[in-house]
Structures are given as structure tokens and as C-alpha cells.
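# Overview (structure and organization)
One-letter residues, chain by chain:
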Amino acid sequence: MAGLSITRPISALGQLTSSFVNGVGELTLFATGIFKRLRGGMPRRHVLIPILHEIGVRSVPVILVTGAFIGMVLAVQTYQQFKLMHMETRMGAIITMTLVAELGPVLAATMLAGRVGSAMAAELGTMRVTEQIHAITALGADPVRYLVVPRFLACVILIPMLTAIADAIGIFSGWLFSCVVLGVNSFQYWQFAEQFVTGWDVMAGLTKSVLFGCGIAIIACQQGFQCGAGAEGVGRAATQSFVLSFIAILGLDFLLNVVLNTTYYMIWPQAVSIATGGLG
Amino acid sequence: MTQSSSIVPAMKLSGISCVFGTQKVLWDVDLSIASGETVVIVGESGCGKSVTMKVMMQLIPQTSGELKWFGQDVGSMKPKQVLANRLRLGYLFQGAALFDSLTIFENVAFGLRHAGETDEDLIEQTVIGRLTEVGLSADIRFKRPSEISGGMQKRVGLARALALGPDVMFYDEPTTGLDPVNSRRIDDLIDSVRQSRGVTGIIVTHDLRTVQRVADRVVMFYPRAKLDDSESQVIFDGSPSELAESNDPKVREYIGDELTSGLLAA
């Protein structure tokens, strides 16, 4: 009995490790397949445009709401802390920097993983369950080229654009709440924002969102293609797509922060901070 | 038992096995299908008949064994050759598998467009021709699959498969879920496709009336899990009348006595 109780967790850990390695392997093979097909040229316009519309245009309302609330929440949160240090005029820097480099890309990607990723996984999963993916193969077409490549391109192109919209709306709503409701000086708000938020921060945020777009598209399409049978399988694919995308977004965000920050301080070792910079 | 003879069979399976996880669905299956014949594959649920057809179409890769299309080993073909040869094969899916985001026209035109056809007039003529061939009005082409009945969806599926002019047609449970009138209509279409085009037909079905109406040859599969390792998974291979006269208890259990007279009459 004692032997059993020891081996069971070890066995469970082994199974978990094995399924993790399998999952990563399948995802890598799927991603490799997409990149190989990208060399074969762009998808046809009549295939790509409806997908761009679905992923881009129809996500704008969600992104506007997300961006607006992130900006206002940041203003509310930072105001009390900065006011105690008599640094509320620097709120423009912290809100803009946080939005552009961190929260904008991460939260926009999270919202899009839910809205776009889950929908793609469910749509492709339903196509798999109803044999439409097999039908594409049977009619001489390549399902990855026809279904996945346009979705991948749409995510990679549009998620950074949607992130930029979320950032812009967030910056505007943060300014509106800080200056109109909380009474922060508008001129100083923008002055500090301009002083501390550099092109590098904007580039870093957009780089993140491009990679988040890649991750969301690959995970969602792979989950759809690997979907199990029936309505339960489709539901599970949609849920798994969101959960895995969210984990991927957080993991990628951490890795990119490490890489980008290291690179930044290698290039500009004398960079100043928001708290101490610009004094006098 | 008979094994149809032809110099170059349209399909040839040699020692085909298909294993999912630990489950042996197909094990060491040999089957040869001559050009021009109509073969109906029957057997109880889970015996691997649909998997066999999907392996023949290469929608599912076999775990081991050799598959030949028109005498050529599929395993030794390059992907482009597989694609080109697959255009000689048509497949009618059980649920029709129409693309629900496309119109009926776009569904039927799908294969043509992906085969590189760019002449829109020719595409339109072909689509209307195939819809008419399966007994549908050309006006239906503007509708979506969700706007037509199950029987009509099956016929659109057949029109889509025929649009590329295949040499071999696979029919996966073509009459399942259809009323007797639509079932007969689909069986008649299978027969007329064979008569008018000389297409080789491979049909998977549970419906023994389809066997009566269209089969030149019947192949019966048996679930691998219920057999000894030495036994073949193909438990019957012969004409419909030989099926009716078979004394094999497994065959008799499947066809039942009431259908025997119908098969003998066929």
C-alpha cells in the first residue's frame, strides 16, 4: 500500500510531463506547417477579406471598451499613491507607459484570445466534427493553407492594430479621468508622458502584440484541428484555446520583458526612471 | 467467394492496418477493387468500414501496409502527386459536409477553383450541369446549405464530388438519415453515375436495400476485437446473391432472414 501511494504521484507527474511534451510537440509541428505554407504565397482575397472583417472590424467594440476602462482604472489606482508623494503630474508618464508597453498589449490580447481565438477554435472544431476539413482535403485543397494561413495572417496583422487602438483609447480615457475628474494639470500630464514614453516603448508593446497574435492564431487553429467528437469536443476546444492562449500570453510577456529590458539597458545604460528623471 | 480481376485495380490495399492508440481498428486488410465495379462494404458499427474508406482516400493515414491508386503506390508519391491523383477520387460524406459559410454554387465550384480553373463561365456551366445531373434546380445555387433539406444536401454533396469528374466515387453511408423516397433517389443517382460515367463506386452502408439496388460485389467487415489474430477482418467478399446464400453465422447474423429474399431477387 505504501509503495502504491508513492508511485501514484510519480506516475501522475510522468503522465503530466508526457502530455505537456506531446502538446508542445504537436503545437510546434502545427506552427511549422503554417510557416512552411506562408512561403507558398498569400491567400486569395475572397478568402482573406471576410476573415479580416471578422477578426478586425468586429473586435473593435470590445477593444474600445477594454482600452477605455484600462486607462480609467490606471488613473484611479495611481492617483492616490502619486498624490501622497506630490507626483500626480507624472501620472501621464506612468499611465501612458503602462498602457503602451504592458497592459495594453496583454489585456487586448487576452480579450482577443477570448473573442477571436475561442471563436476560431469553435469554428474549425465544428468543421472538423462535421467532416468539412476532410471535405477540403477530398476536393484537392490543403486545409491548413485554406483555413489556417488566412486566420494566422489576420491575427498577426490585426492584433497589433487593435492593440494600438486600445492603447490610444486607454491613453485618452486615462487623461480624461485624471485631468477632468481628478483635476491633474493637463499640460504637465502630457509633458511627462512625452518625456518618458519613448519610441522603444511603443515598439516593445507592438512587438509583443505581434507575437501574441501569432500565439493566439496557432493555438486556436491547432485546438480546432485537434477537436474531439461532438458538441463536447467543440466546447472543450474553445475553452482549451482560451486557457492555453492566456498562459502563452503571460509566458511570452515575461520572456519578452526580460529580453527587451536587457536589450534596452544594453543600448541606453544611462536611462532615467519616471520617479527620479526630469527633476530640476 | 470472388475477387474481381483487372489488370490494374482502381484501388488495392495490401496488409493495411490502422491503429488508434491501443485500439486495432483495421489489421492486415487486403482488398482489391477493379475499375468500373460497384463495391458495397457492409458490417456492424465499429468494424472499420468507414476507416477503410478514409484510408483509401488518404484522409486518414494507415499505420502500416500498402495502398495503391490505379496501380501506383501512394506511399512513394510526392505530395503534389497525391494531390493530383486525389482529384481522380470523389467522396460523398455521411453528413454531406457542405461548407456552411459558402453558397451551394461556391460549394460545388470549390474543387474546380482549387484545381486552378479560372474561367468563370465554365465554372458556372459545370456547377449548373452537376446540379441538374443530381436532379436539383439551378436556382438552388444561390442558397446556403442550411436552407435546404438533408436529402438535397446529400445531392449537392454528390454534385460537388462529381464536379471534378472523378474516376472513383466513395459514398460514406449515403442513405443514412434519409426517408425511403430520398434513399431510393440517392441509390438511383449512384447507379446513374456509374451507368453514365463508368465510375468505380465504393459504398459504405448499413442499408441492405442499397446493396440490392447498386452492388456488383459485397465486402463484409467484422470488428477486429471480436476476431482471433489468425482470422481475416474481411469475412465475406462476393456477389449480393452469394451474400444471401452464405451459411457463415456471422454473415447470417448481420443480414437477417427477411433481407435474404430481397438480395436473392437482386
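Residues numbered from 1 in each chain as written. Chains lettered and ligands numbered in written order. Predicted model: local features only at pLDDT ≥ 70, side-chain atom pairs only at ≥ 80, totals over all residues.

### Structural notes on the overall build of chain B
The test is simple: Only runs of H or I of at least four residues qualify as helices and only runs of E of at least two qualify as strands under DSSP, and these elements are numbered from the N terminus. We compute the radius of gyration from the C-alpha atoms alone; for a globule the expected value is 2.2 Å times N to the 0.38, where N is the number of residues. Partly exposed residues are those falling between the two cut-offs: more than 12 but fewer than 20 other C-beta atoms within 10 Å of their own, whereas 20 or more means buried and 12 or fewer means exposed, with C-beta atoms placed from the backbone. Note on contacts: each residue gets a C-beta atom placed from the backbone, and two residues are in contact if those atoms are within 7 Å.
A tally of helices and strands in chain B yields 10 helices and 10 strands. A compact globule built from 266 residues should have a C-alpha radius of gyration of about 18 Å, and chain B, at 19 Å, falls within 12% of that. Dimensions along the principal axes, computed over C-alpha positions, put chain B at roughly 55 × 45 × 35 Å. Expressed as a percentage of its 266 residues, the buried residues of chain B come to 43%. For chain B, the share of sequence-separated contacts (at least 6 apart) that also reach a separation of at least 24 residues comes to 68%.

### A few points about the overall build of chain A
Secondary structure assignment for chain A yields nine helices and zero strands. Shown N-terminal to C-terminal, the secondary structure of chain A runs as helices and strands in the order α-α-α-α-α-α-α-α-α. Taken along its principal axes, the extent of the C-alpha atoms in chain A is 70 × 65 × 35 Å. Expressed as a percentage of the 280 residues in chain A, the buried residues total 41%.

### Observations concerning the sheet that holds strand β2 (residues 23-33) of chain B
Residue and element names in this part refer to chain B. Cut-off, in case you're wondering: A pair of strands is treated as paired once DSSP finds two or more bridges between them. Here an angle of 0 to 180 degrees is reported between the N-to-C directions of two axes, which are lines fitted to C-alpha atoms, with helices fitted over the stretch in contact.
Pairing in this open sheet of four strands is antiparallel, and the strands run β2-β1-β4-β5 from one edge to the other. With partners counted over all chains shown, the strands left at the sheet margins are β2 and β5 (72-73), one partner each. Alignment of strand β1 (residues 11-20) against β2, held across seven bridges, turns out to be antiparallel. Considered in β2, the bridge of C18 is made with L26. With respect to the sheet, helix α1 (residues 49-57) is in contact with β1, β2 and β4 (64-69), its orientation differing from that of β1 by roughly 120 degrees.

### Observations concerning the packing of helix α3 (residues 60-84) of chain A against helix α6 (residues 143-181) of chain A
Residues and elements named next belong to chain A. Here is the rule we go by: Note on angle classes: values under 35 degrees are labelled roughly parallel, values over 145 roughly antiparallel, values of 65 to 115 roughly perpendicular, and the remainder oblique. Handedness of each helix crossing follows the sense of rotation of the near helix against the far helix: counterclockwise by less than a right angle gives left-handed, clockwise gives right-handed. Residues are grouped as follows: nonpolar covers Ala, Val, Leu, Ile, Met, Phe, Trp, Tyr, Cys and Pro; charged covers Asp, Glu, Lys and Arg; every other residue, Gly included, is treated as polar.
In contact at an axis separation of 7 Å, α3 and α6 are set at 40 degrees when each is read in the N-to-C sense. The pairing of α3 with α6 is recorded here as oblique in orientation. Both α3 and α6 take part in a crossing whose hand is right-handed. Of α6, the residues touching α3 (which contributes V60, I63, L64, T66, G67, A68, I70, G71, M72, L74, A75 and Y79) are L162, I165, A166, D167, I169, G170, I171, F172, S173, G174, F177 and S178. Its residues placed into classes, the contact of α3 with α6 shows 16 nonpolar, seven polar and one charged.

### Details of the nonpolar core
The test is simple: Any set of buried Ala, Val, Leu, Ile, Met, Phe, Trp, Tyr and Cys residues joined through C-beta atoms within 7 Å is what this text calls a nonpolar core.
The biggest cluster of nonpolar side chains holds 146 residues, and the ones touching the most others in it are I216(A) and F170(B). Examining the composition of this core, we find that 20 residues originate from one element, helix α4 (residues 91-129) of chain A, more than from any other. Beyond its immediate sequence surroundings of up to four residues, I216(A) is in contact with A109(A), L112(A), A113(A), V116(A), G117(A), C155(A), I159(A) and S245(A).

### Remarks on the sheet that holds strand β8 (residues 200-204) of chain B
Backbone hydrogen bonds hold the strands of a sheet together, and the pairing may be parallel or antiparallel. Residue and element names in this part refer to chain B. The strand order across the open sheet formed by six strands is β6-β7-β8-β3-β9-β10, and the pairing between neighbours is mixed. Every interior strand has two partners, whereas the edge strands, β6 (89-92) and β10 (234-238), have only one. Strand after strand, the sheet turns through a mean of 15 degrees between neighbouring axes, direction not considered.

### Observations concerning the interface of chain B and chain A
Listed by partner, the interface residues are 14 residues for chain B and 10 residues for chain A. Breaking the side of chain B that touches chain A down by element, the ones donating at least two residues are α2 (79-86) and α3 (104-114) of chain B. Per-element tally for the side of chain B that touches chain A: the top contributor is α3(B), with three residues. Class assignment of the residues belonging to the side of chain B that touches chain A gives a composition of 10 nonpolar, three polar and one charged.

### Side note on the pairing of strand β9 (residues 217-221) of chain B
All names here are of chain B. Taking burial as the measure, the five residues of β9 include five buried ones, the bulk of the element. Of the two faces of β9, the one carrying R217, V219 and F221 and the one carrying V218 and M220 are both buried. For strand β3 (residues 38-42) and β9, the ladder comprises four bridges, and the chain directions are parallel. Among the inter-strand pairings, V42 is bridged to a residue of β9, identified as M220. Sheet topology places β9 next to β10; four bridges connect them, and they run antiparallel. In the sheet register, F221 faces β10, and the bridge partner there is V234.

### Considerations on unusual backbone geometry
Unusually for a residue other than glycine, H86(A) sits at a positive phi of about 55 degrees. According to the C-beta neighbour criterion, H86(A) is exposed, with 8 such atoms within 10 Å.

### Considerations on the confidence of the model for chain B
All names here are of chain B. To be explicit about the condition: Confidence scores labelled pLDDT are given residue by residue by the predictor and lie between 0 and 100.
When pLDDT is averaged along chain B, the result is 86, and 94% of the positions lie at 70 or above. Note that pLDDT drops below 50 for residues 1-6; the model gives that stretch 13 contacts with residues more than four away or on any other chain. For this predicted complex, the interface score ipTM comes out at 0.86, while the overall pTM is 0.84.

### What about helix α4 (residues 120-133) of chain B?
Residues and elements named next belong to chain B. Threshold: Expected span of a helix, by definition, is 1.5 Å for each gap between consecutive residues, and there is one gap fewer than residues.
Counted at 1.5 Å a residue, the expected span for α4 with its 14 residues is 20 Å, and the 20 Å between its end C-alpha atoms agrees. Turning to α4, the residues buried within the fold contact α3 and α5 (150-162). G135 sits one or two positions beyond α4 and adopts a positive phi of about 80 degrees.

### As for the environment of R44(A)
With respect to the helices and strands, the residue R44(A) is situated in the loop between α1 (2-38) and α2 (45-55). Between the C-alpha atoms of R44(A) and C221(A), which are 177 residues apart in sequence, the distance is 19 Å.

### Regarding α3(A)
Residue and element names in this part refer to chain A. For the record, the criterion: The reported bend at a residue is simply the angle between two axes, fitted to the 7 residues ending at it and to the 7 residues beginning with it.
When the terminal C-alpha atoms of α3 are compared, their 37 Å separation across 25 residues agrees well with the 36 Å that a helix rising 1.5 Å per residue should span. Where α3 bends most, the angle comes to about 30 degrees, and this point is T78. The set of residues buried in α3 consists of I63, T66, G67, I70, G71, L74, A75 and T78. Elements in contact with the buried residues of α3: α4 and α6. H86 occupies a position one or two residues after α3 and carries a positive phi of about 55 degrees.

### Re the environment of E124(B)
By secondary structure assignment, the location of E124(B) is in helix α4. It is 9.8 Å that separates the C-alpha atoms of E124(B) and E106(B), two residues lying 18 residues apart in sequence.

### Observations concerning the environment of D142(A)
The topology assignment puts D142(A) in the loop between α5 (132-138) and α6. Put simply, D142(A) and L182(A) are 40 residues apart on the chain and 57 Å apart in space, counted from C-alpha to C-alpha.

### Quick word on the packing of α3(B) against α4(B)
A pair of packed helices can be characterised by two numbers: the angle between their axes and the separation between those axes. Residue and element names in this part refer to chain B. With their axes 9 Å apart at the nearest point, α3 and α4 run at an angle of 120 degrees to one another. Comparing their axes, α4 and α3 come out oblique. Viewed along their axes, α3 and α4 form a crossing whose handedness is right-handed. Here F105, V108, A109, L112 and R113 of α3 lie close against α4, whose contacting residues are I123, T126, V127, R130 and L131. When the residues that make up the contact of α3 with α4 are grouped by side-chain class, the tally is seven nonpolar, one polar and two charged.

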